[in-house]
Amino acid sequence: MLRGTLEGEELERYVEERVVMTRFDKMLGWARANSMFPLTFGLACCAIEAPISIVTARYDLARFGAEALRASPRQADMIILSGRVSIKMAPIVRRLYDQMLEPKWAISMGACSSSGGMFANYAVVQGADKFMPIDMHIPGCPPRPEAVLYGFTKLQRKIKGNPDQGWRQRYNAVGSEEWARGGVASKPNPAAAEAYETARELIHA
Amino acid sequence: MPDAPGLELIRGEIEQDHPGAVLDTSFDRDQPALVVDPDQILAVLTWLRDAPGQGYGFLSSLHAADYLPATPRFGVHYELLNRDRVERLRVKAMLDDPAAGDLPEIDSCVGLFPTAEFQEREVFDFFGIVFKGHPNLTRILLPEDYVGWPQRRDFPVGGEPVTFTFNERNYG
């Protein structure tokens, strides 16, 4: 083509068939999403399901371009919190996250790392987003490897700049939020409460 | 295991060498236990280890319990094992709860049983029982800067209330 073997209309068709035009950030996100380097990192029983099972031949994380688990946070760009984080472990997890190079993503896997799970006691942090930013929560106790892969593909869509909408948007369920009102720990913030009341009025109008 | 008369025989022999050391015995569910004066715990453990015919030379576990609201409040339990006869014997030392701000104290048995070093640190970590003479009595499982003794029965359970309707109705 560059040597000039094609001319005129043939050249136009050739270019149309072979060249895709896109924005650079989209291309960058596409490349990043399909070449993830997860950190080899397990916290508790969920580690059997996530970093161990999903790289085996049965589930095969390599299909999504993330089969190269790195043993150093300096080489990784994704961390899967697989299990409950104890208050003694939390500073170390935070340090690992800080040592990862930007851009980086974090998946909170299972009930324990998302909310403390069944461990409502003196030793366990009640949800990993108390000490670090989390991009994706995967529910389950433990989540099946398929669920982890599904969460991973959702994270890929988020990295590509096209995050999935939550179920409230999909089912048009605005105004259906429920929280326990009156309790000290469960008070919604004023902005959220105002948005909630506004949405209610719009629905019932 | 020593049976109930055997337990009383052991108690009688200890009484000869250390009068007043054994406060009580119990034989519950086929498990013999000596309740011992905490000030003489080392003497009794040494006797059980070294006296001829006893030979309880293996400390298989050292742990504590909080019997709140009973008094004395804390119990330190020593599970001894004779490995020749495969006989187990439990020794309990009951400790009073001292005034607020102070911690209950008992002698460390690291000199008798080296395995007690980590187990006494664990008891200190969770119950705040001080073992006098321990070479390095610091927290072992919880963070070094943790405040409180979380396995005591008056320690709050912790965690956070969950915003379920049930919790709102009952606790909101």
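Quick look at the overall build of chain B now. Scanning chain B from N- to C-terminus turns up 4 helices and 7 strands. The C-alpha extent of chain B, read off along each of the three principal axes, is 65 × 35 × 30 Å. The buried share among the 172 residues of chain B stands at 23%. Here the contacts in chain B between residues at least 6 apart in sequence split such that 46% fall between residues at least 24 apart.

What follows covers the overall build of chain A. Scanning chain A from terminus to terminus reveals 8 helices and 3 strands. In chain A, the order of α-helices and β-strands from amino to carboxyl end is α-α-α-β-α-β-α-β-α-α-α. Here chain A holds 205 residues, and the buried ones make up 28% of them. The long-range fraction of contacts in chain A, counting pairs at least 24 apart against all pairs at least 6 apart in sequence, stands at 73%.

Trans peptide bonds make up most of the peptide bonds, and negative phi angles are found at most residues other than glycine. The omega torsion across E102 of chain A and P103 of chain A is -5°, close enough to zero to call that bond cis. Mapped onto the secondary structure, P103 of chain A falls in the loop between helix 4 (90-99) and strand 2 (105-109). Here the amide bond leading from L68 of chain B into P69 of chain B is cis, since omega sits at 10°, within 30 degrees of zero. Residue placement: P69 of chain B occurs in the loop between strand 3 (58-66) and strand 4 (74-82). Of note in the backbone geometry, D30 of chain B takes a positive phi value of approximately 60° without being a glycine.

With that settled, consider helix 2 (residues 41-50) of chain B. All names here are of chain B. Buried within helix 2 we find I41, V44, L45 and L48. One face of helix 2 carries all of its buried residues, which in axial projection span an arc of 95°. Packing partners of the buried residues in helix 2 comprise helix 1 (4-17), strand 2 (31-36), strand 4, strand 5 (87-95) and strand 6 (105-107).

Looking now at the nonpolar core. All names here are of chain A. One finds M78, I79, I80, L81, I107 and M109 to be the most contacted residues of the largest nonpolar core, which totals 33 residues. When residues of this core are traced back to their parent elements, those giving at least two are helix 3 (46-53), strand 1 (78-82), helix 4, strand 2 and helix 6 (145-159). When residues of this core are assigned to their parent elements, the largest contribution, 5 residues, is made by helix 6. Not counting residues within four places of it along the chain, the set of residues in contact with M78 comprises M36, F37, P38, L39, K104, W105 and I107.

Criteria and thresholds
- Residues numbered from 1 in each chain as written.
- Chains lettered and ligands numbered in written order.
- Predicted model: local features only at pLDDT ≥ 70, side-chain atom pairs only at ≥ 80, totals over all residues.
- Helix = DSSP H or I, 4+ residues; strand = E, 2+ residues; numbered from the N terminus.
- Buried ≥ 20, exposed ≤ 12 C-beta atoms within 10 Å, placed from the backbone.
- Contact = placed C-beta atoms within 7 Å.
- Arc of directions from axis to C-beta.
- Core = buried A, V, L, I, M, F, W, Y, C linked by C-beta atoms within 7 Å.

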